[in-house]
Amino acid sequence: MKYSEIEVKKMLKAGDLSLEEQIKFNILNFIRTIHLNELDFIESSFGSEFFGELPMTFQKNPGQVMGLITATINGEVRKYVFNDKGYEPLEDLLNLTGK
């Protein structure tokens, strides 16, 4: 999913979000924070953790071009890769290898 400021603002106004929309919003809002703080994504490191109904972690070391998001939903762990331009489910990228 490509990052879009318009999409984040739409979701802010929407209110009652489904679980999938909450995941999408949390990720896009994290990316929005990167933009608002004018961070150099590649040189930045992240080790953020969200608690609550939808626990999520955002991890990236300096010099890496992608970061890793881990979301725990009803005991199920989902992983995503992200950068300052957007995010993708890790499973979708691994499927490209044919495995």
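Our structure is the block above this text.
Summary of the structure given here. (Residues numbered from 1 in each chain as written. Predicted model: local features only at pLDDT ≥ 70, side-chain atom pairs only at ≥ 80, totals over all residues. Heavy atoms only, no water.)

Counted by the stated rule, this structure contains 6 salt bridges. For K24, the salt bridge goes to E7, with nearest N and O atoms at 3.1 Å. A residue pair is termed long-range when its members are at least 10 positions apart, and K24 in helix α2 (residues 19–36) and E7 in helix α1 (residues 5–14) qualify at 17 residues. Across the pair K85 and D84 runs a salt bridge, and its minimum N-O distance is 3.8 Å. When its relative accessible area of 55% is taken as the criterion, K85 is described as exposed. Here the salt bridges share partners, and the residues they tie into one network are E7, K10 and K24. (Salt bridge = Lys/Arg side-chain N within 4 Å of Asp/Glu carboxyl O. Helix = DSSP H or I, 4+ residues; strand = E, 2+ residues; numbered from the N terminus. Buried < 20%, exposed > 50% of the residue type's maximum accessible area, 1.4 Å probe, protein only.)

Turning our eyes to something else, we now look at the side chain of N26. Its place among the elements puts N26 in helix α2. Here N26 is in contact with F50, L54, M56 and F58, once residues within four sequence places are set aside. (Contact = heavy atoms within 4.5 Å.)

This paragraph deals with the nonpolar core. Ranked by internal contacts, the top residues of the largest apolar core, which has 22 residues, are I23, I27, M56, F58, I69, Y80 and F82. Listing elements by their share of this core, those giving two or more residues are α1, α2, β2 (56–60), β3 (67–73) and β4 (76–83). Ranked by residues supplied to this core, first place goes to α2 with 7 residues. Residues in contact with M56, not counting those within four places in the same chain, are I23, N26, I27, S48, E49, F50, I69, T70 and A71. (Core = buried A, V, L, I, M, F, W, Y, C linked by side-chain atoms within 4.5 Å.)

What follows deals with the pairing of β4. Sheet analysis places β3 next to β4, joined by 7 bridges and oriented antiparallel. Looking at β4, one finds that G67 is bridged to F82. A loop of 2 residues connects β3 with β4, the two strands running antiparallel in sequence, and N74 in this loop sits at a positive phi of about 50 degrees. With 4 bridges joining them, β4 and strand β5 (residues 86–89) adopt antiparallel strand pairing. (Pairing = 2+ DSSP bridges.)

Take the environment of R32 next. By the secondary structure assignment, R32 is in helix α2. With residues near it in sequence (within four places) discarded, R32 still touches Y3, E5, V8 and L12.

As a further point, take the sheet that holds strand β1 (residues 46–50). Adjacent strands of a sheet pair through backbone hydrogen bonds, lying either parallel or antiparallel. Reading across the sheet, the 5 strands line up as β1-β2-β3-β4-β5 and stay open at both edges, with antiparallel pairing between neighbours. The two strands at the open ends of the sheet, each matched to only one other strand, are β1 and β5. Looking at each pair of strands side by side, their axes are set apart by 20 degrees on average, direction ignored. Packed on one face of the sheet, α2 meets β1, β2, β3, β4 and β5 and runs near 30 degrees to β4. (Axes fitted to C-alpha atoms, helices over the stretch in contact; angles between N-to-C directions.)

Fair warning: the whole summary comes from geometry, so function is off the table for now.
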